[in-house]
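# Structural description and commentary
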Number of protein chains: 2
Amino acid sequence: MSNQGKNEKLERMRHSASHVMAEAVQSLFPEVKFGIGPIIEGGFYYDFDLPRSLIPEDLHIIEARMAEIIASDFPFLREEVEKEEARCIFAYQPYKLELIDEIPDERVIVYRQGSFTDLCKGPHVSSTSEIKSFKLMSIAGAYWRGDERCPMLQRIYGVAFETQEELEQHLERFAAAAKRDHRKLGRELDLFSFHEEAGPGLVHWHPKGATVRRIIEDFWIEEHLKRGYEIIYTPHIAKIDLWKTSGHWELYREHLYSPMDVEGQEYLIKPMNCPGHILIYKTRLRSYRELPMRWAELGTVYRYERSGVLHGLTRVRGFTQDDAHIFCRPDQLEDEVVGVLEFALFMMRTFGFEEYEVLLSTRPEKYAGTIETWDAATETLERALKRLDLPYRVDPGEGVFYGPKIDIGLKDALGRAWQGPTIQVDFNLPERFDVSYVGMDGVEHPVVMVHRTVLGSMERFFGCLIEHYAGAFPVWLSPVQAVVIPIADRHLDYALKVAAELKAEGLRAQADTRPERMGLKIREAQLQKTPYMLIVGDKEVGNATVSVRLRSGEDLAGQAIEAFKAMAREAMEKKAP
Amino acid sequence: MSNQGKNEKLERMRHSASHVMAEAVQSLFPEVKFGIGPIIEGGFYYDFDLPRSLIPEDLHIIEARMAEIIASDFPFLREEVEKEEARCIFAYQPYKLELIDEIPDERVIVYRQGSFTDLCKGPHVSSTSEIKSFKLMSIAGAYWRGDERCPMLQRIYGVAFETQEELEQHLERFAAAAKRDHRKLGRELDLFSFHEEAGPGLVHWHPKGATVRRIIEDFWIEEHLKRGYEIIYTPHIAKIDLWKTSGHWELYREHLYSPMDVEGQEYLIKPMNCPGHILIYKTRLRSYRELPMRWAELGTVYRYERSGVLHGLTRVRGFTQDDAHIFCRPDQLEDEVVGVLEFALFMMRTFGFEEYEVLLSTRPEKYAGTIETWDAATETLERALKRLDLPYRVDPGEGVFYGPKIDIGLKDALGRAWQGPTIQVDFNLPERFDVSYVGMDGVEHPVVMVHRTVLGSMERFFGCLIEHYAGAFPVWLSPVQAVVIPIADRHLDYALKVAAELKAEGLRAQADTRPERMGLKIREAQLQKTPYMLIVGDKEVGNATVSVRLRSGEDLAGQAIEAFKAMAREAMEKKAP
């Protein structure tokens, strides 16, 4: 069977498993009101409105009931009914009635198996017995429609596979991923927090998380300057007119915050940095000789996302794009795209991502500009990819309306995909804002504008990094690189002296001078994934050395301080993992 | 006469001069509607609603008419009248009527001289002949009440002094200041811009201005890390409740932007960074052993200011505070204040400010906390000032309601005062947010919180720096440190090679390869206040040297490239002016 065929079969099975789970829940809680039960990556869920909160033990009972339904080999029956009839079928299911009202067609589809009927387009397996190895994973709260103004339902997540072996492999991967969940590690390593009082989806970077971010940002700036970029800063708010001109007000309205009133004029918090960059570009005439201009900004933008879809650092309401805009002539586009691709891959490799997938998205049905400019730009992107011998996949029609784009997806240490760098050609904004340059012919020509990030956003990239490294950041990124741990109180002064000496060398070092036992200090430094634990006792004081314990568990006894410094410096300079 | 007596006399004279100017304008434009005519630093202005736009020549005519009025020796007559009578006197003066309506008293004061009557509390000189040396300076547009929804009036600025000599000194100083006006230099040196399309008071930092800012920020971060600060990042928006808890909603409402609606909850763009820092502090219990915690953020805040009061970079609507909060125990406050004072003075000296005024502001009439805590904190601030032998002035009752503070005012190269660093003790927020630490006694105690900046804000400080240096930034801050200028086309390659070599050394260098004459390139580099112009011709190519022209005009012919690099490096490292 083809991969695609296998996937479709798996998806059908998972979807059917969610219906079987719903039937099981209904048999245990006859008063249940059903939300929706879709498939997701690797599995499925269903949302229920129940008379009491579920507890983990309930999952076993539901699983047992599901096994009975599966064993009963009930067929899945598809039926098309009049809306009126559907309203009778779901008379006691208010959420389903809400959904029925929103279906534009006169007739709707229902699926039945055993004693359960659902509003559902399918497809499903033909009988419950086709559902193979499954497991219910967890219970979570979920607002109806992901909207915090709607009732909170209870969601049960499940997974299903063709074989027990595949299920077990999945459960192992899942356990490994859970251990490196950036939300969990964020708390344990004191990296960042969210606060209900401030609002969901708004990241507060703690000193340790901010240290990692600052190092990444410094590195990012340095590498941009090397490549002929200039850094700029633009404000976080602007008059709404700017967003009407840009088209964001019309096209991205559901992701914009509501306007603020200032002296009778409406202002918006920025969802993008582009218009600010364009205003700077337009402060004077630009000559063909000045192009390309490459302007980068670590610009924090705010976009509304429903509270139900927020997820740690990877789906937030405010994020700092590592943004840049390249203003160039059409004949410069190819070289610029090659430059950005090389830059993005360099960044990815620096952070230890060796595998990635490159996707070229072409003209969608609705598009700005002409077919000719689209074709020319798309060919330019392809030429750039070929010049670098980069394997890529074409996603036809998946470009944004304003131009074709290249996305780079990363694979982390567990082989999971993450959204990474992006390069987008834009025909829309130069036209809407009349952004041009004076050509060799003395005439104004529209500029070609490229939007690009080489990390994505600081928030999402940091979340990805935490999971990729399982919190054990390489030395150059570690918030605390070395902890000096005295064996006994009489070694305190020496520990402080060593820490001070390392700090003077530019290392992020500290002495653990708390009145606690050495064992506990080592354990805590290990849990904090500190690269170097430097243990100092009588011998070390006597010989002016340190005993280095690496977080891998490896011990390097009696290192001269200079030798340790050289080792740490080398690890930093090489950006070694 | 005491200085104060002299100042009061000058102010009376200037205020009277504004009335005389109004009389002169009325005699030229009988249909004039009067706005207000107050004194300002060094002079006075009056706002007029006139049938046509004024031109510079009008000022001479008005001056001549003023001289006649002064020569006529009209007495200034003070009169208290019923509001009803005032409404008759000003029946054709709608702006005055508006003002009369707002006066709570039953009777109002008017002043008359010659043919002119004004609604005015005085005081004035006794006769127009007491007005000595004066000059009208400029015409500007000004919204009635500084509000852009109100009519635009025409404002005439004037100055007046006791003697012609003082007037001339003032005019010289004024001309010198005008030359270094940061708004003018901002345009000429391509440093920043404001855009009507985005909204007034919102700074767009161009590559060159942003380079200076980035260097200052990097230096600022480095110096904070050296002093045991940690850097954090907090979001730009938060639920309004946070600002209700903090008291800002109640007390600073007129400077807050209007709320944004998110899922039925109101969010505000932040006017201060404090609550975000407090939320991070409160993510766990803090022990007395962990204090002090010093958390710094380059936090961009937005505060509403009427468009009429906005002024270049020094009065804006969005600005990046070089903010930090110190959470400490009461017994640590003195050392912390000493540390901040030393830090602030170090920063000031680094940027070439040798003169400053230190002001200690004490408990105002309305205050949070107890008299005991106020007295203790004020004494602590005084002890810190004395430990550093810093001369200071006490401004009684001028503290903010939440605690006493120390302000440092800078004097720039022209002797003008600028608002600089500030250190504020805060008793209010720790109580409102219940911010505490666990003491040695195992009991929770309220933390002492210090707000401080060592520059003020990036925007205002940059504006001040531009004027202080008259745009000729010291080498370490110069956006472009060296321009290599080829004498003829055949020296282009060598110019590019030299520029590349300097860039590789970390210098901000560029070659001017435009097809223009050498003279023009030198002139432009000079106008851009570039520290080093490196002129290269046959001799330089032959000897592998550069001829250095400093922006002072000094020439250093035939420098080996290595020697030039060493010179530039030394200037950078020493942060020499």
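The paragraphs below set out a description of the structure included in this document. No experiment lies behind these values; they were computed from the predicted model shown.

Cut-off values and rules
- Residues numbered from 1 in each chain as written.
- Chains lettered and ligands numbered in written order.
- Predicted model: local features only at pLDDT ≥ 70, side-chain atom pairs only at ≥ 80, totals over all residues.
- Heavy atoms only, no water.
- Helix = DSSP H or I, 4+ residues; strand = E, 2+ residues; numbered from the N terminus.
- Buried < 20%, exposed > 50% of the residue type's maximum accessible area, 1.4 Å probe, protein only.
- Areas by Shrake-Rupley, 256 points an atom, 1.4 Å probe, with all protein chains shown as cover.
- Lys, Arg positive; Asp, Glu negative; His and termini not counted.
- Charge placed at Lys NZ, Arg CZ, Asp CG, Glu CD.
- 1 Å grid on protein atoms, 1.4 Å probe; cavity = no way out; pocket = protein on both sides within 12 Å on 5 of 7 lines; lining within 4 Å.
- Points joined across faces, edges and corners; volume = space filled by probe spheres on them.
- Expected span 1.5 Å × (residues − 1).
- Arc of directions from axis to C-beta.
- Contact = heavy atoms within 4.5 Å.
- Pairing = 2+ DSSP bridges.

### A look at the overall build of chain A
Scanning chain A from N- to C-terminus turns up 18 helices and 28 strands. Counting only C-alpha atoms and orienting by the principal axes, one finds that chain A spans roughly 85 × 75 × 55 Å. The buried share of chain A, taken over its 577 residues, is 54%. When the accessible area of chain A is evaluated, it comes to approximately 25,200 Å², of which 51% is carbon and sulfur surface. Counting 73 positive and 91 negative side-chain charges, chain A places the averaged centre of each group 3 Å from the other.

### Remarks on empty space enclosed by the protein
Empty space among the atoms becomes apparent when a probe as large as a water molecule is rolled across them. Inspection of every chain in the model, using the stated rule, returns 5 cavities of 30 Å³ or more. Volume-wise, the largest cavity comes out at about 790 Å³. Lining the largest cavity are 45 residues, and of these R213, Y233 and L298 of chain A together with Y233 and L298 of chain B lie nearest its centre. Contributions of two or more residues to the lining of the largest cavity are made by β10 (199-205), α7 (207-226), β15 (293-302) and β16 (318-328) of chain A together with β10 (199-205), α7 (207-226), β15 (293-302) and β16 (318-328) of chain B.

### Structural notes on helix α12 (residues 371-387) of chain A
Residues and elements named next belong to chain A. The terminal C-alpha atoms of α12, which comprises 17 residues, lie 24 Å apart, in line with the 24 Å expected from a rise of 1.5 Å per residue. Of all the residues in α12, the buried ones are W374, A377, T378, T380, L381, A384 and L385. The buried residues of α12 occupy an angular sector of 155° when projected down its axis, which confines them to one face. α12 presents E372 and K386 as exposed residues on the side facing more than 90 degrees away from its buried surface. In the core, the buried residues of α12 are packed alongside α11 (333-350), β17 (356-361), β19 (405-411) and β20 (417-426). D389 occupies a position one or two residues after α12 and carries a positive phi of about 55°.

### Regarding the pairing of strand β6 (residues 116-119) of chain B
Residue and element names in this part refer to chain B. The two faces of β6 match: F116 and D118 on one face and T117 and L119 on the other face are all buried. Strand direction decides the pairing type here: strand β5 (residues 107-113) and β6, joined by 4 bridges, are antiparallel. Residue Q113 lies in a different strand from β6, and its bridge partner there is F116. Once β5 ends, the chain turns through 2 residues before running back antiparallel as β6, passing G114 with a positive phi of about 50°.

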